Structures are given as structure tokens and as C-alpha cells.
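Chain by chain, the residues run as shown.
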Amino acid sequence: MQLARVIGQVVATVKEPGLDSFKILIVQNIDPALPDGESTGSPYAAVDLVGAGEGEIVTVAQGSAARIPDAAANTATDSAVVAIVDTLSVDGAVTFKK
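Residues numbered from 1 in each chain as written. Predicted model: local features only at pLDDT ≥ 70, side-chain atom pairs only at ≥ 80, totals over all residues. Heavy atoms only, no water.

S.K.: So what's going on with the overall build of the chain? Which residues, and what values?
M.R.: Helix and strand counts for the chain come out as zero helices and eight strands. Its helices and strands in sequence order give the chain the pattern β-β-β-β-β-β-β-β, from N to C terminus. In the chain, the proportion of contacts linking residues at least 24 apart, taken out of those at least 6 apart, comes to 53%. Here the chain displays about 5600 Å² of accessible surface, and carbon together with sulfur accounts for 51% of that area. (Helix = DSSP H or I, 4+ residues; strand = E, 2+ residues; numbered from the N terminus. Contact = heavy atoms within 4.5 Å. Areas by Shrake-Rupley, 256 points an atom, 1.4 Å probe, with all protein chains shown as cover.)

S.K.: Go over the side chain of T59 with me, naming the residues and quoting the values.
M.R.: Position of T59 relative to the elements: it lies in strand β5 (residues 57-62). The class for T59 is buried, based on a relative accessible area of 16%. (Buried < 20%, exposed > 50% of the residue type's maximum accessible area, 1.4 Å probe, protein only.)

S.K.: Outline the pattern of salt bridges, listing residues and values.
M.R.: All chains considered together, the criterion is met by two salt bridges. Note that E56 and K98 form a salt bridge whose closest N and O atoms lie 2.8 Å from each other. You can see E56 sitting in the loop between β4 (44-48) and β5 and its partner K98 sitting in the segment after β8 (93-97), a full 42 residues away along the chain. (Salt bridge = Lys/Arg side-chain N within 4 Å of Asp/Glu carboxyl O.)

S.K.: Please provide a residue-by-residue account of the confidence of the model for the chain, values included.
M.R.: Averaged over all residues, the pLDDT of the chain is 86; the fraction at 70 or higher stands at 88%. Across the chain, the secondary-structure element scoring lowest on mean pLDDT is strand β3 (residues 38-39), at 81, and the one scoring highest is strand β1 (residues 2-10), at 96. (pLDDT = per-residue confidence, 0-100.)

S.K.: Quick rundown of the environment of A33? Include the residues and the values.
M.R.: Locating A33 in the fold gives a position in the loop between β2 (23-31) and β3. Residues A33 and S89, 56 residues apart in the sequence, show an inter-C-alpha distance of 8.2 Å. Here A33 is in contact with V90 and T95, once residues within four sequence places are set aside.

S.K.: Any details on the environment of Q9? Residues and values, ideally.
M.R.: Considering the arrangement of structural elements, one finds Q9 in strand β1. In the structure, Q9 is positioned 17 residues away from I26 in sequence and 5.4 Å away in space, judged by C-alpha atoms. If near-sequence neighbours (up to four positions away) are discounted, Q9 is found in contact with K23, I24, L25 and I26.

S.K.: Please provide a residue-by-residue account of the nonpolar core, values included.
M.R.: Counting 10 residues, the largest nonpolar core consists of A4, V6, L25, V27, Y44, A46, A52, V58, V60 and V81. Elements with a contribution of two residues or more to this core: β1, β2, β4 and β5. With residues up to four places along the chain from it excluded, the contact list for V27 reads A4, R5, V6, I7, S42, P43, Y44, A46, V58, V60 and V81. (Core = buried A, V, L, I, M, F, W, Y, C linked by side-chain atoms within 4.5 Å.)

S.K.: Let's hear about a nonpolar patch on the surface: which residues, and what values?
M.R.: Among the surface-exposed residues, M1, L49, V50 and V82 lie close enough to one another that they form a single nonpolar patch of about 350 Å² accessible area. Looking at where V50 falls in the secondary structure, it is placed in the loop between β4 and β5. Residue classification places V50 among the partly exposed residues on the basis of a relative accessible area of 34%. (Patch = residues over 30% accessible without salt bridge, like charges linked within 9 Å, V, L, I, M, F, W, Y side chains within 5 Å.)

Right, dumping it as C-alpha cells:
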């Protein structure tokens, strides 16, 4: 899993039927060791399974771990937001608090 910040949302009126009830977010990985998590790498799209919003830090599952259970078993997904982070702590120091 990756830690990432939600930086936007994709609006798609036509999409795979298995994705009909899900938002698609634009996220960017962060470095949890830096204060407030500095962004790293390029932004990418992820299916939102938890109702995350712009600016929130989330955990993102990728690859086979990102498959949407039950609702879209045959829908292709490479990245899925699976949790919204409340606090990050690295080496005993809090680096992010919601």
C-alpha cells in the first residue's frame, strides 16, 4: 500500500458498469517522514472505496490488492483508495494529524 494525498477528482458520466457507484480520484504519493507529507512522483487515478475528499491523506492499494470486492468483481482496477488517514507517526514523532 501507498500513502497518498487526494488532489482532485475525475468526472466520468460513462464508465464500466462495475464502477457506477464509485468516484474516481486523482491522488499523488507522499513521503510520510516529512511534515504534512511532501508529494512524490506523478499523480494517478484511483477508485474511491471509502468516500475520501480533496486534500485528505489516504492509503492506496495497488495491483491485485486493488480489486473491488463483490460489487465489481470483473472490473479492471489498478489502484483503490481503501482508508482515510487520521494520524501519521514516524519514529515516534507525529508527522501528520487530521
